[in-house]
Amino acid sequence: MYVILKMIKFSMLVFFLTACAIGAPDPNEVSKREKAKRFTDVAVEYLNSGDNVNAKNWLQKALQYDATYGRGYSVLAAAFQAEKESQLAEKYFKKSIKVEPNSAMFHNNYGAFLFQQARFAEACAELELATKDPFYNLRAQALNNLGRCYDALKDSEKSARAFQRSINLGGRNGYALLSLSKSLMGAGEIFKSHAKYSEFLDLVAVNQAQHSAESLKLGIELARAAGDLSEVVSYSLLLENLFPKAYIKYKESVQ
């Protein structure tokens, strides 16, 4: 799944409206929100350096200034997640969503957490909410997360739809391309499957993706469907050299 800490680190914009009786912004409330943001920024730096104790201390201070600052709760959840404190992590992920229910980032973070807990149906529901915001700057990655989630639920139709939407938004991801290629091949769309596989190979060529046993087995099957025996041999040799145990199982399965 996309790393939560990175999403927190690079998604720092918070929009808010406060008003007093005559409709003008209350300077004190703005000041509290700004202090909460700055304290949370410091906490993120500590968290990224592995200092969870100081990170949590700064987050407590941030939330004392503004108890409705959702990002503070989300970062605090990430701190507890790093410590394997799943119940506390979930508590604060939920709090971040409670105070800012329309935040795509918070739904994505919580969905990623639920995915790691193997709570796939709940994870997919949160990730669906994350992908609804057309202005979410990490929407392509959220859609990729959603595709993986539906893969875990064995829902190939929804998985393929999410992956294709991710790719349409510029989120070219090796896992997504392989999943689409495999789905298309299963549907008998060999030409389209091969096209997606070629895109995956382009990523491999520039070290943005790596072959797995599954990708090489798919390469063998596509080459076999196309009648390209030299490619069959080439992918088979790669599978044998890189993943010998998987090669033996595959060879036994096709005999």
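Residues numbered from 1 in each chain as written. Predicted model: local features only at pLDDT ≥ 70, side-chain atom pairs only at ≥ 80, totals over all residues. Heavy atoms only, no water.

### Here we look at the overall build of the chain
Step number 1: Across its full length, the chain carries 14 helices and 0 strands.
Step number 2: Written out in order from the N terminus, the α and β elements of the chain read α-α-α-α-α-α-α-α-α-α-α-α-α-α.
Step number 3: Across the chain, contacts joining residues at least 24 apart in sequence account for 50% of those joining residues at least 6 apart.
Step number 4: Taken as a whole, the chain presents about 14,100 Å² of accessible surface, with 55% of it coming from carbon and sulfur. (Helix = DSSP H or I, 4+ residues; strand = E, 2+ residues; numbered from the N terminus. Contact = heavy atoms within 4.5 Å. Areas by Shrake-Rupley, 256 points an atom, 1.4 Å probe, with all protein chains shown as cover.)

### A few points about helix H10 (residues 174–186)
Step number 1: For H10, which comprises 13 residues, the first-to-last C-alpha distance of 18 Å matches the rise-based estimate of 18 Å (1.5 Å per residue) to within 8%.
Step number 2: Gly174, Ala176, Leu177, Leu178, Ser179, Leu180 and Ser181 are the residues of H10 that are buried.
Step number 3: Buried residues along H10 sit against helix H8 (139–152), helix H9 (156–168), helix H11 (190–205) and helix H12 (213–226).
Step number 4: The distance from a side-chain oxygen at the start of H10 to the backbone nitrogen of tyrosine 175 is 2.9 Å, and the residue carrying that oxygen is asparagine 173. (Expected span 1.5 Å × (residues − 1). Buried < 20%, exposed > 50% of the residue type's maximum accessible area, 1.4 Å probe, protein only. Polar contact = N/O pair within 3.5 Å; in protein donor to acceptor, adjacent residues only side chain to side chain.)

### What to know about the pattern of salt bridges
Step number 1: Across all of its chains, the model carries 13 salt bridges by this definition.
Step number 2: A salt bridge links lysine 94 to glutamate 90, with the nearest nitrogen and oxygen atoms 3.6 Å apart. Here glutamate 90 and lysine 94 lie together in helix H5 (residues 86–99), a separation of 4 residues that amounts to about one turn.
Step number 3: For lysine 94, a relative accessible area of 46% corresponds to the partly exposed category.
Step number 4: Lysine 196 is paired through a salt bridge with glutamate 199; the nearest N and O atoms lie 3.8 Å apart. Of the two residues, lysine 196 and glutamate 199 both sit in helix H11, 3 residues apart, roughly one turn of that helix.
Step number 5: Look at the salt bridges and you will find they share partners, linking Glu90, Lys94, Arg119 and Glu122 into a network. (Salt bridge = Lys/Arg side-chain N within 4 Å of Asp/Glu carboxyl O.)

### Here's the deal with the environment of tyrosine 110
Step number 1: Within the secondary structure layout, tyrosine 110 lies in helix H6 (residues 104–116).
Step number 2: Judged by relative accessible area, which is 5%, tyrosine 110 ranks as buried.
Step number 3: C-alpha of tyrosine 110 to C-alpha of alanine 77: the two residues are 33 residues apart in sequence and 9.0 Å apart in space.
Step number 4: Once residues lying within four places of it in the same chain are set aside, the contact partners of tyrosine 110 are Glu90, Phe93, Lys94, Ile97, Arg119 and Glu126.

### What about the side chain of glutamate 126?
Step number 1: Within the fold, glutamate 126 resides in helix H7 (residues 120–131).
Step number 2: Buried and unpaired, glutamate 126 has lysine 94 as its nearest opposite-charge partner, separated by 8.5 Å.
Step number 3: For glutamate 126, the contacting residues outside a window of four places in its chain are Ile97, His107, Tyr110, Gly111 and Leu114. (Lys, Arg positive; Asp, Glu negative; His and termini not counted.)

### Topic: the packing of H10 against H11
Step number 1: It is the contact of H10 with H11, at a shortest axis distance of 8 Å, that shows an interaxial angle of 160°. In terms of orientation, H10 and H11 fall into the roughly antiparallel class. Relative to H11, H10 is oriented so that their crossing is left-handed. Judged by residue contacts, Gly174, Leu177, Leu178, Leu180, Ser181, Leu184 and Met185 of H10 engage Ile190, Lys192, Ser193, Lys196, Tyr197, Glu199, Phe200 and Leu203 from H11.
Step number 2: Residues belonging to the contact of H10 with H11 are distributed by class as follows: 9 nonpolar, 3 polar and 3 charged. (Axes fitted to C-alpha atoms, helices over the stretch in contact; angles between N-to-C directions. Parallel < 35°, antiparallel > 145°, perpendicular 65-115°, else oblique. Left-handed = near helix turned anticlockwise from the far one by under 90°. Nonpolar A, V, L, I, M, F, W, Y, C, P; charged D, E, K, R; others polar.)

### Looking at the state of the cysteines
Step number 1: Within the structure shown, the criterion is met by 1 disulfide.
Step number 2: The disulfide partner of cysteine 124 is cysteine 149, and the S-S distance across this bridge is 2.3 Å. One quick way to see it: the torsion about the S-S bond of cysteine 124 and cysteine 149 is about -120°, and its sign makes the bridge left-handed. Linking cysteine 124 in helix H7 with cysteine 149 in helix H8, this pair joins segments that are 25 residues apart in sequence. Each member of the pair, cysteine 124 as well as cysteine 149, carries the same accessibility label: buried. (Disulfide = S-S within 2.5 Å.)

### As for the packing of aromatic side chains
Remark: the centre distance and the inter-plane angle together describe each pair of aromatic rings, the angle taken between the planes.
Step number 1: Applying the stated criterion across every chain, the model contains 11 aromatic pairs.
Step number 2: Seen from their ring centres, phenylalanine 93 and phenylalanine 113 are 5.3 Å apart, and the 40° between their planes marks the pair as tilted. Linking phenylalanine 93 in helix H5 with phenylalanine 113 in helix H6, this pair joins segments that are 20 residues apart in sequence.
Step number 3: On the basis of relative accessible area, phenylalanine 113 is assigned to the buried category, the value being 1%.
Step number 4: Taking the centre distance of 6.0 Å and the plane angle of 80° together, the rings of tyrosine 197 and tyrosine 235 count as edge-to-face. On the criterion of sequence distance, the pair formed by tyrosine 197 in helix H11 and tyrosine 235 in helix H13 (residues 229–242) is long-range, its members being 38 residues apart.
Step number 5: For tyrosine 235, a relative accessible area of 8% puts it in the buried group.
Step number 6: Among the aromatic residues, ring-to-ring pairing joins Phe39, Trp58 and Tyr65 into one connected group.
Step number 7: The ring of tryptophan 58 has lysine 61 sitting right over it, with the charged end atom 4.8 Å from the ring centre. (Phe/Tyr/Trp six-rings, centres within 6.5 Å; stacked < 30°, edge-to-face > 60°. Lys NZ or Arg CZ within 6 Å of the ring centre and 35° of its normal.)

Shape descriptors only; they carry no functional weight alone.
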